[in-house]
Amino acid sequence: MADSNSNDDLSGIEQMLRQLLGDEAAERMLEQMRQSGLDPQAITGGMNLPKDPTQIQHLIQSVTQLFSGSSEALDWDMVSQIAIQTSSTKPDPAPTAAQAARARDALSIADLWLDSVTVLTPGRANRHAWSRAEWIRQTLPTWKVMCMPVATHAADAMTDALSQQLGRMGLDQAEGSFAIPGLGISGALGKMNPADMVRRMSGSVFAMQIGQAIGTLAGQALGSTDVGLPLSDDSLTALVVSNVYDFGTDLGIGADAVLQYLAVREAASARLYNAAPWLRSYLLRAISKYSAQIQIDFDHIEQAVRDLDSMDPAHIQEAMSSGMLSPTSSEAQEQAKKEVETILAVVEGWVEEVTAKACSAYLPAAAPLQEMMRRRRSQGGPAEQVLAQLMGLELRPKRVRDAAKLWRVLGDKVGQAERDKYWSHPDVMPTAEELDNPDSFLEGRQEAAEADAQVDAELEALLDGTLGYAKGLDAGDESAGQQQIKESQDEDSADSGDSDDPNE
């Protein structure tokens, strides 16, 4: 029985090696294994290879696809597949016609409610009801923009570390080939540069991490603008129906009330990004700027690769989970991070404030639902977890509360029309320092405006040539100016008391 099992295992290894390396190279490798006394069954166990022929064939196809795929830092087809597989751990039915109609009605009602609490106008009526898989497909382009810079850095780091590890294993990296001393390789491995192979392997590992993170997020995402992030590049509003109906179950709140409240939040976010067309690109540029400055810990990655017992994907995943791809920080990166988190907090604070006002007159459950959203955020909601895992970004709850208070104070003092003017340009948007003291926001802006006006007036006077002239004089009246100076000097002399005139 033992021999039979060993032969079965050897047959599986042989099949894989022949398809990957070619017949001649595979036969030589097997012969070298036998001569060195290696046990094929032990190798199978160490590599975690399946024994079922169908599974072995699937593994071969996957490896071959990896070697023949794109040399980009990240395979986004793989990301999509893993994300959908991860999100499908629980049922993901497409919304029924009735559910879709109810979601679109709720989004339509939300726009009517928002009309009374903000002057920002909505975009075109483009309302959707999504499954989790549809949410992944629709938001993947935006995730690509946000994740690609750090994925490129990670792929470079892993390529360097794994290439060094291959050198320590005695593998010779020749230009345009992958050579083992004494063994020619003519299969899929032999047709590619080893650096490309390693880069694709590292990209696949990182794609697995990102796909799992996005898939986990899809299981909890409520719409297209979770926590202020504009995850869709279209002017639309959408709700993930299955997740919406799961939200609020523990509070005992009716499904219709939950749906309507979340529809208002989604519509408020979409309205903001529509009315401030600069905001989405501004935020994504800030995220890309932050991601581009991430410095990968090369020493950490090299140590993790060196500690790997095999190329078993489970071992690689375990190494990644232990921080293999954790980014290190720098002063410039911390500044960029602060900018991103401030923008997200200011956006989310505005959405929270206008949603509360819009729902207060119609939904008795609005207050507990708002508090539940705050708890979800403070406990590290899905969006925060994904950002922290992939890029080190965190949306700090305190900042959102401060931003919501700032918008509330501003609306109470100057009205919603003046409040919403602060979305007209990034230069007038509230800053991180102003979130520290929301009550003094207007006073601080007024003092800044007065100081700027004074500087502008002095600059204009300097350019006109009137800076320093006495009040009431024209710049061109030089004789009058000289006469006034002479009279002023005479008055000073008289006041000094030096005159000998006894009548004085």
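Preceding block: the structure.
Within each chain, residue numbers correspond to sequence positions counted from 1 in written order. Owing to the predicted nature of the model, reporting of local features is limited to residues with pLDDT of at least 70; listing and counting of side-chain atom pairs is limited to 80 or more, with chain, interface and lining totals taken over all residues. The side-chain quantities take in all heavy atoms of the structure and omit both hydrogens and water.

A look at the overall build of the chain
Each helix is a run of DSSP H or I of at least 4 residues and each strand a run of E of at least 2, with the numbering of both proceeding from the N terminus. Along the backbone of the chain there are 21 helices and four strands. Within the chain, the proportion of its 504 residues that are buried is 45%. Whether two residues are in contact is decided by their heavy atoms, any of which lying within 4.5 Å being enough. Across the chain, every contact between residues at least 6 apart in sequence was considered, and the portion connecting residues at least 24 apart equals 79%. Surface accessibility in these figures is a Shrake-Rupley result with a 1.4 Å probe; residues are shielded only by whichever protein chains are displayed. Summed over all atoms, the accessible surface of the chain reaches about 24,900 Å², with 50% contributed by carbon and sulfur. Each residue's exposure class comes from its accessible area (1.4 Å probe, protein chains only) as a fraction of the maximum for that residue type: buried when under 20%, exposed when over 50%, partly exposed otherwise.

So, the packing of helix H14 (residues 331–360) against helix H15 (residues 366–378)
In this description, a line fitted to the C-alpha atoms serves as the axis of each element, helices being fitted only across the stretch in contact, and the angle between N-to-C directions of two axes falls anywhere from 0 to 180 degrees. The geometry of H14 relative to H15 is characterised by a closest axis approach of 10 Å and an angle of 165 degrees between their N-to-C directions. Overall, the two elements H14 and H15 adopt an arrangement that is roughly antiparallel. The crossing of H14 and H15 is right-handed. Residues Glu348, Glu352, Ala356 and Cys359 of H14 lie in contact with H15, whose contacting residues are Ala366, Gln370, Arg374 and Arg377. Each angle is binned into one of four classes, with values under 35 degrees roughly parallel, values over 145 roughly antiparallel, values of 65 to 115 roughly perpendicular, and all other values oblique. Crossing handedness follows the turn of the near helix against the far one: under a right angle anticlockwise gives a left-handed crossing, and clockwise gives a right-handed one.

Things to note about the packing of aromatic side chains
Any two of the Phe, Tyr and Trp rings considered here, Trp counted by its six-membered ring, make a pair once their centres fall within 6.5 Å; the pair's planes then place it as stacked at under 30 degrees, edge-to-face at over 60, or tilted in between. Under the defined criterion, the tally for this structure stands at four aromatic pairs. With a centroid separation of 5.6 Å and 80 degrees between ring planes, the pair formed by Trp278 and Tyr282 is classed as edge-to-face. A residue pair is termed a helical-turn pair when its members lie 3 or 4 positions apart in one helix, as Trp278 and Tyr282 do in helix H11 (residues 278–292) at four residues. Relative to Trp423, the ring of Trp407 lies with its centre 5.2 Å away and its plane at 20 degrees, an arrangement referred to as stacked. One end of the pair, Trp407, is in helix H17 (residues 397–414); the other, Trp423, is in the loop between helix H18 (416–420) and helix H19 (432–435), and 16 residues separate them in sequence. Across this residue pair, the class does not change: Trp407 and Trp423 are buried.

Comments concerning the nonpolar core
Only buried Ala, Val, Leu, Ile, Met, Phe, Trp, Tyr and Cys residues count toward a nonpolar core, and they belong to the same one when joined by side-chain atoms within 4.5 Å. Membership of the largest hydrophobic core comes to 87 residues, with the highest contact counts inside it found for Trp135, Trp143, Leu279, Trp350 and Trp423. If we skip the residues at most four places from it in the chain, Leu279 touches Leu272, Tyr273, Ile343, Val347 and Trp423.

A look at the pattern of salt bridges
Throughout this description, the term salt bridge denotes a Lys or Arg side-chain nitrogen within 4 Å of a carboxyl oxygen of Asp or Glu. Counted according to the given criterion, the structure contains 23 salt bridges. Arg132 is the salt-bridge partner of Asp92, the closest N and O atoms lying 3.8 Å from each other. In this pair, Asp92 is assigned in the loop between helix H5 (76–87) and helix H6 (97–114) and Arg132 in helix H7 (residues 132–168), connecting sequence segments 40 residues apart. Take Arg132: its relative accessible area is 2%, and that puts it in the buried class.

Topic: empty space enclosed by the protein
With a probe scaled to a water molecule rolled over the atoms, the places where space remains empty come into view. Within this scheme a cavity is a closed region of a 1 Å grid, computed over the protein atoms alone, that accommodates a 1.4 Å probe without allowing it to escape, whereas a pocket is open but has protein on both sides within 12 Å along at least five of seven lines; lining residues each have an atom within 4 Å of a point. Grid points are joined across faces, edges and corners, and a volume is the space filled by probe spheres set on the points. Within this structure, the stated rule accounts for four cavities of 30 Å³ or more. Residue lining of the largest cavity: Leu222, Gly223, Ser224, Thr225, Asp226, Leu239, Leu262, Arg265, Glu266, Ser269 and Met373, and that is the complete set. Looking at the lining of the largest cavity, the element that brings in the most residues is helix H10 (residues 255–275), giving four residues.

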